[in-house]
Amino acid sequence: MATLPTTAEILLKDFGPRPAYPALDPLYGQTPDKLVKTHCCFCGVQCGIQLKVKNNQVIGFEPWEEFPVNKGKLCPKGIKRYVQNNHPDRLLHPLIRGEHGFVETSWDKAYERTTTAIQEIQSKYGKDAFAFLGGASMTNEKAYLNGKFARIALGTANIDYNGRLCMVSAGAANKMAFGVDRAANPWSDIPLAKALILAGTNIGECFPILTDYIWRARDNGAKIIVIDPRITPIGRTADLILPVKPGRDSALANGILHALIKEDLLDRDFIARHTTGFDKVEELVENYTPEKVEEISGVSRKSIYRAAEIWGEAPTAMLLHARGIEHHTKGVENVLSYINIVLGTGKIGRPGCGYGTITGQGNGQGGREHGQRCNQLPGGRDINHPGHRQEVSEYWGIPEAELPGQGLTACEIIDAIEAGKIKGLLSISFNPLVSIPDSNRTKKALDKLEFLGCIDFFLSETAQHADVVLAGSLQEEDEGTVTNGEGRCIRLKQSITPPGNAKVDWQIICDLGKRLGKEKYFDFKNPGEIFTELTGISANAPVDYSGMSYERLEKEMGLFWPCPSPNHPGTPRLFEGGKFFHPDQKAKFFGYEYRAPAEDVDADYPLFFTTGRVVSQYLSGTQTRRIGELVDQYPEPLCEIHPLMAAKLGVKDKMPVRVITRRGEMVVPAQVVTTIRPDTVFVPYHWAGKKAANQLTNRALDPISKIPEFKVCACRVEKV
Amino acid sequence: MSATQFFIDASRCIGCKACVQACGECETHRGMPMIHLEEMDRGSTVQTAPVVCMHCEDPTCAKVCPADAIKQDALGVVHTASKPRCVACSNCVLACPFGVPKMPGKFELMMKCDMCYDRTSVGKKPMCATVCPSGALYFGDESYIAEFRREVPVNTFSFGKQIVKTKVFMMAAPLTPRINVDMAVLCGFQNEKAEAIGFHHQDMAEESVWNDLPFRKPAREKEVVS
């Protein structure tokens, strides 16, 4: 029974989201007791920040200029993040569903209800009928603990995480091409590049701090190529904009590689010495003439040649990309097609030469390394690899036969709930009702659950449907580590303890593990002990943290993995000397024929629908929709539409329009702008209910990575 | 030894409002940002521009103040009106060529950016220039700007016949001696039309000035790791 326990109005009154303003807090502006050097809780830059603490509350911030990644710089989310603390919506007690809504309860009763439900469901339907969903905004310690909890305490194969919605296609592509899943370079390499391709990455709004690195490259003479159906702030002054038609990225990348070959701009020596598989790719892209690619992608042949010239002639160059090319049913193919450009020109493994994916979530990198993915074990190990299974089983002290196999991915778990195969779900730091595509179906699926438990600090839209809500911790209420988008593991300090009766997340997971009869596997006294186990188990694994300690991370302002011993300096730049992580030390080319998105435009739905972020909001908005001044900056979703299309529809700026896809519709004010392709509309996705862009998006999955196709589907727009 | 100065470069601005949000955190004017972030014309561009007080050498706001409430300190910083003196007449709001001072109704006091006097007076940077993710607001050594930026700092502006020199610099195209705030441009007149009505673009940089410039070396930070 996961319908709402009471009316939406009562839930809103009791739990929000209500925008809070710091000036209303009596402690606001008072002299702090201490300043805690820690990091922002939002995106994958993980900016250093100092939090002002008084009376066990965070009351403000001060820039931390010594931290090398951001040097005091912050975006509006980081500046206002402290407002989530001491918030009227904060969950202070465990909640249990009553007849007329949520009722505060004791931890004992909440745990009892949860473990009873787990045991009943599993004894009736089997172990895998209970699933676990984790998140990539949590620390490495929690990501590790989630995996261990699901495999040992729940014994379920079905654990996955919201990173599945984020950059798994890039991760899978990295492993296929390079044999390892990490950005190839530290961001300090960006200013050394003489050409940059920014493919499907709205850096100015989603990763604002990296803007300065890009502009410093430009000061140094770098030419900037931006590939995006919209002119975003980072694209506004680009040297070249390739306004690609949504869903055509692999064709465009093939076209650029074709032009590089025709212009004789490849590094044939590098290809011969350090790569395999180029012949097939060369044969494949022979057909991708700029004329043909112009036809497919909407990018002019002249621009395709210009992009090849800029990239190919530059002595150094870097490729950065994000969800724009990754959120596709061919996400892995798109990324590999772009990586081919990097490998074909040998622009990797040197200062100013390389590759990186812009990780959207706070721990987008670390969250995908330590075993909370359905196909992965700690240390980035493969759950289907017999040797890896043996190593982890031995370390944990369990028989290998008891270690579950590969389970379902996040969207597939929701599908399996809808199909009645999964009956119970425990979710932490994940708001699938807002963040998974086709939210009308997600809601129906949640209604079919026999038990939904949520660990959260605010009552997210998903937690509103829960049977039990376990009041967990905000980032500043716990300690641990995260790994940012360049692969630098950094230390988060605890600023305050959780308010009221709330507990730190790792304690909740360990308590549940103990109550499920697995005491000895969850006997951790603090996050430091979890980190020690995490680093220990990672020794000699694909993702090796074994030389790291909290002390080193603090003293050295973070360490890049692999870091295999206590005196190892870490590895900021990968692939130096052309040595890749495959057994033969060579990188691999993979070429793909272009194929259309799962749902393309047609006569009934003639426009492309695409989604993304705005700078003042973060993911499903559970935190940022509660921070008043961030809400005011961009209060509700707008539909960006080109004036040519707006005129055709008789729509003017700020007028409401109805956007309709085969899955749902929403009414949203138009923002009439020339900064978007006329055949495309864009709506940001941070809102819930009737304002949720994911009512419209398509839950079609990439066959390899199972990332859904957020970035393209077909819609029509009507004047209201 | 070169001086620490404030440089604004709207070409780097990404419109994120970190400056606005951070300014509103200041303990002297809580909840009321003094920096403005101007959207040029969202319909046609994502261009935005941050506007701080330019701290004129001979501040127009002070000259038009009938109550002598606006003071400039020894460092050239022009301060918010003195509360006992300000009569809330809004002369300064109307007269400032950059549109900086505001007169919030509830306070009946002219308020404006004082370049974070509380921070700069103890050796810190202004808050907006500390947090700005794009370097559109930069407070630091002028030698850094000379060495690493291709644009040039300009602190002379003409508004019709009024020539204004400011403490804060604006980054402009190379070889730009001063920035002309030209009504012809603001009103949408292009070259020939503008000249026909007597406006000239003599100080506007030609595109070609960029071509002859050497590129600067990269502003590489010292790597902490390794």
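Residues numbered from 1 in each chain as written. Chains lettered and ligands numbered in written order. Predicted model: local features only at pLDDT ≥ 70, side-chain atom pairs only at ≥ 80, totals over all residues.

Visitor: Can you help me understand the interface of chain B and chain A in this one?
Guide: Often the size quoted for an interface is simply the accessible area lost on bringing the parts together. Each partner contributes residues to the interface: chain B has 40 residues there, and chain A has 49 residues. Secondary structure elements with two or more residues in the side of chain B that touches chain A: α1 (18-23) and α5 (127-131) of chain B. Residue composition of the side of chain B that touches chain A, grouped by class: 14 nonpolar, 13 polar and 13 charged. (Contact = placed C-beta atoms within 7 Å. Helix = DSSP H or I, 4+ residues; strand = E, 2+ residues; numbered from the N terminus. Nonpolar A, V, L, I, M, F, W, Y, C, P; charged D, E, K, R; others polar.)

Visitor: Honestly, the domain arrangement of chain A in this entry has me stumped. Any pointers?
Guide: Residues and elements named next belong to chain A. The domain boundaries assigned to chain A delineate domain 1 (21-84), domain 2 (95-166 + 363-493 + 500-560), domain 3 (168-357) and domain 4 (607-719). Between the C-alpha centres of domain 1 and domain 4 there is a distance of 31 Å. Between domain 1 and domain 4, the contact holds 8 residues from the first and 11 residues from the second. (Domains from an automatic or database assignment.)

Visitor: When you look at the environment of A:Q633 in this model, what are you seeing that I'm missing?
Guide: Mapping A:Q633 onto the fold places it in helix α22 (residues 628-633). As for A:Q633 and A:A131, which are separated by 502 residues in sequence, their C-alpha atoms are 37 Å apart. Contact partners of A:Q633, with chain neighbours within four places excluded, come to A:P76, A:S616 and B:K17.

Visitor: Help me out: how do you make sense of the sheet that holds strand β21 (residues 559-560) of chain A in this one?
Guide: Backbone-to-backbone hydrogen bonds join strands into a sheet, with any given pair of strands oriented parallel or antiparallel. One open sheet holds the 3 strands; their spatial order is β19-β20-β21 (chain A), and the pairing between them is antiparallel. Each of the sheet's edge strands pairs with one partner strand only, and the pair in question is β19 (480-483) and β21 of chain A. (Pairing = 2+ DSSP bridges.)

Visitor: Would you take a moment to explain the environment of A:D264 for this structure?
Guide: Residues and elements named next belong to chain A. Checked against the element boundaries, D264 lands in the loop between α8 (249-262) and α9 (268-274). Look at D264 and you get exposed, because 8 C-beta atoms sit within 10 Å. Put simply, D264 and P246 are 18 residues apart on the chain and 29 Å apart in space, counted from C-alpha to C-alpha. (Buried ≥ 20, exposed ≤ 12 C-beta atoms within 10 Å, placed from the backbone.)

Visitor: Quick question: what am I supposed to make of the domain arrangement of chain B here?
Guide: Residues and elements named next belong to chain B. If you check the domain split of chain B, you get domain 1 (1-52 + 121-149) and domain 2 (150-210). Among the elements that make up the side of domain 1 that touches domain 2, the one with the highest residue count is strand β1 (residues 4-8) (4 residues). Looking at the side of domain 1 that touches domain 2 residue by residue, the class counts come to 5 nonpolar, 1 polar and 2 charged.

Visitor: How do you make sense of the nonpolar core when you look at a structure like this?
Guide: A general trend in soluble globular proteins is that nonpolar side chains are found buried together. Core analysis: the largest hydrophobic core is formed by 282 residues, its most contacted members being A:L196, A:L198, A:I225, A:V469, A:V659 and B:C128. Among all residues touching A:V469, those that are not within four sequence positions of it are A:L91, A:P94, A:L95, A:F102, A:C454, A:D456, A:L459 and A:A463. (Core = buried A, V, L, I, M, F, W, Y, C linked by C-beta atoms within 7 Å.)

Visitor: I keep staring at the sheet that holds strand β6 (residues 162-172) of chain B and nothing clicks. Help me out?
Guide: All names here are of chain B. The strand order across the open sheet formed by 5 strands is β4-β1-β6-β5-β7, and the pairing between neighbours is mixed. Only two strands of the sheet have a single partner each, and these edge strands are β4 (137-141) and β7 (179-181). For this sheet the average axis-to-axis angle between neighbouring strands, irrespective of direction, equals 45 degrees. In this sheet, β4 lies alongside β1 in antiparallel orientation, the contact comprising 5 bridges. (Axes fitted to C-alpha atoms, helices over the stretch in contact; angles between N-to-C directions.)

Visitor: Is there a simple way to explain the confidence of the model for chain B in this structure?
Guide: Interpreting fine coordinate detail is not advised for predicted regions of low pLDDT. Residues and elements named next belong to chain B. On average, chain B scores 85 in pLDDT, and the residues at 70 or more come to 79%. Mean pLDDT across the elements of chain B bottoms out in helix α8 (residues 191-196) (56) and peaks in α5 (98). Below a pLDDT of 50 lies the segment residues 220-226, which in the model reaches 18 contacts outside its immediate sequence neighbourhood of four places, other chains included. Here the prediction assigns the complex a pTM of 0.95, and the interface score ipTM is 0.95. (pLDDT = per-residue confidence, 0-100.)

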